[in-house]
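A closer look at the structure
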Amino acid sequence: SDWPVANKELIDEEALHSTRLAMLLASLGRAARNKANIKVRQPLARVLVKPNNADTKRRVANVTAQVLEELNAKEIVVIDDESLVASVDVKPNLPVLGPKLGQRLGKIVEQIKKTDPREIISGVKQGGKLKLDGFDLEASDILVSLVDKPGYATSADGDVLVAVDTKLTPELVDEGIARELVHRIQTMRKSAGFEIEDHIVTTYDGGAAVQRVAEKYRSYIMQETLTNDLKAGKPEQGAFAETGKLHSEEVTLGTKKAT
């Protein structure tokens, strides 16, 4: 069969750009989470985004809901200056500069150390050059890295930067425990061979944090796992049970088909 010819007038370029941005922000956010060693099921208070231009800044609002869902965060904050979350470190690329400068290397290295990193990056951006003591410094002559400030983890792609707020309030921690409980119960349902529509009885036997979260998020846990009855105590007779660590506490969960 002939392949259909696309009607390019129907292509929504804005939607394409926004979708690419959503994918990029989600990818950078997950990388920042991994750097901070924060699991995806642990909610975050904020994700901070530094766009590379006005169009990207405008499109962030279009993809906020999708990015927040992907990164399990409460809020996206757009920032204009990465110095809020990280400091820029510029070092001389010695293997490149050495052959160019010879005996002048030490002097130029000192100049690089004394110069504001922002000035250097701005000067060599997009093929430009920055004159230092008579030498034209290029982008290949330097190594640029971001140093995260306390309380943040960052990831960047070109001039787009995403930072996650790594400060976890007790409320966020509790929500993370609730999500982990749901995940484990769902996994147990599958391991026990329950059908997707089966309703169950769930028991939990753990420390203070598990007990507090189970009561606080009782409705959420029951709804997500099709649990008719969620109660503290040892697994019931004939229940499928598993024991493991949850938030530094040992917890035993039991699941059984509801009658």
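The structure this text deals with has already been given above.
Attention in this report is confined to the structure presented alongside it. Given the structure is predicted, the values throughout are model-derived calculations rather than measurements.

Let's shift gears to the packing of aromatic side chains. Enumeration over the complete set of coordinates arrives at 1 aromatic pair. Each ring, one from Tyr217 and one from Tyr220, has its centre 6.5 Å from the other, and the planes form 75°; the classification is edge-to-face. One Lys or Arg, Lys167, reaches over the ring of Tyr152 and ends 4.6 Å from the middle of that ring.

Right, let's get into the pairing of strand E8 (residues 160-165). Burial of E8 is extensive: 6 of the 6 residues sit out of reach of the surface. Neither face of E8 is exposed, since Val160, Val162 and Val164 on one face and Leu161, Ala163 and Asp165 on the opposite face are all buried. Relative to E8, strand E1 (residues 47-50) runs antiparallel, the two being bridged by 4 bridges. Following the sheet pairing, Val47 is matched in E8 by Val164. Examined bridge by bridge, strand E7 (residues 152-157) and E8 share 6 bridges and lie antiparallel to one another. Across the sheet, the residue bridging to Thr154 is Ala163, located in E8.

It is worth spelling out the packing of helix H7 (residues 170-191) against helix H9 (residues 218-225) at this point. Close contact between H7 and H9 brings their axes to 10 Å; oriented N to C, the two are set at 25°. In terms of their interaxial angle, H7 and H9 are classed as roughly parallel. Pair H7 / H9 crosses with right-handed handedness. Touching Ala178, Arg179, Leu181, Val182, Ile185, Gln186 and Arg189 of H7 are Tyr220, Ile221, Glu224 and Thr225, all from H9.

When the terminal C-alpha atoms of helix H1 (residues 13-36) are compared, their 35 Å separation across 24 residues agrees well with the 34 Å that a helix rising 1.5 Å per residue should span. When H1 is considered as a whole, its buried residues turn out to be Ser18, Leu21, Ala22, Leu25, Ala26, Leu28, Gly29, Ala32 and Arg33. The elements touched by buried residues of H1 are E1, helix H2 (54-60), helix H3 (64-71), E7 and E8. Two or three places before Glu14, at the start of H1, stands the capping residue Asp12, its side-chain oxygen 3.2 Å from that residue's backbone nitrogen.

So, about the environment of Ile76. Secondary-structure assignment places Ile76 in strand E2 (residues 76-78). Distance from Ile76 to Ser248, taken between C-alpha atoms, is 30 Å for residues 172 residues apart in sequence. Here Ile76 is in contact with Val47, Val49, Val60, Thr64, Val67 and Leu68, once residues within four sequence places are set aside.

Cut-offs and rules
Residues numbered from 1 in each chain as written. Predicted model: local features only at pLDDT ≥ 70, side-chain atom pairs only at ≥ 80, totals over all residues. Heavy atoms only, no water. Phe/Tyr/Trp six-rings, centres within 6.5 Å; stacked < 30°, edge-to-face > 60°. Lys NZ or Arg CZ within 6 Å of the ring centre and 35° of its normal. Buried < 20%, exposed > 50% of the residue type's maximum accessible area, 1.4 Å probe, protein only. Helix = DSSP H or I, 4+ residues; strand = E, 2+ residues; numbered from the N terminus. Pairing = 2+ DSSP bridges. Axes fitted to C-alpha atoms, helices over the stretch in contact; angles between N-to-C directions. Parallel < 35°, antiparallel > 145°, perpendicular 65-115°, else oblique. Left-handed = near helix turned anticlockwise from the far one by under 90°. Contact = heavy atoms within 4.5 Å. Expected span 1.5 Å × (residues − 1). Polar contact = N/O pair within 3.5 Å; in protein donor to acceptor, adjacent residues only side chain to side chain.

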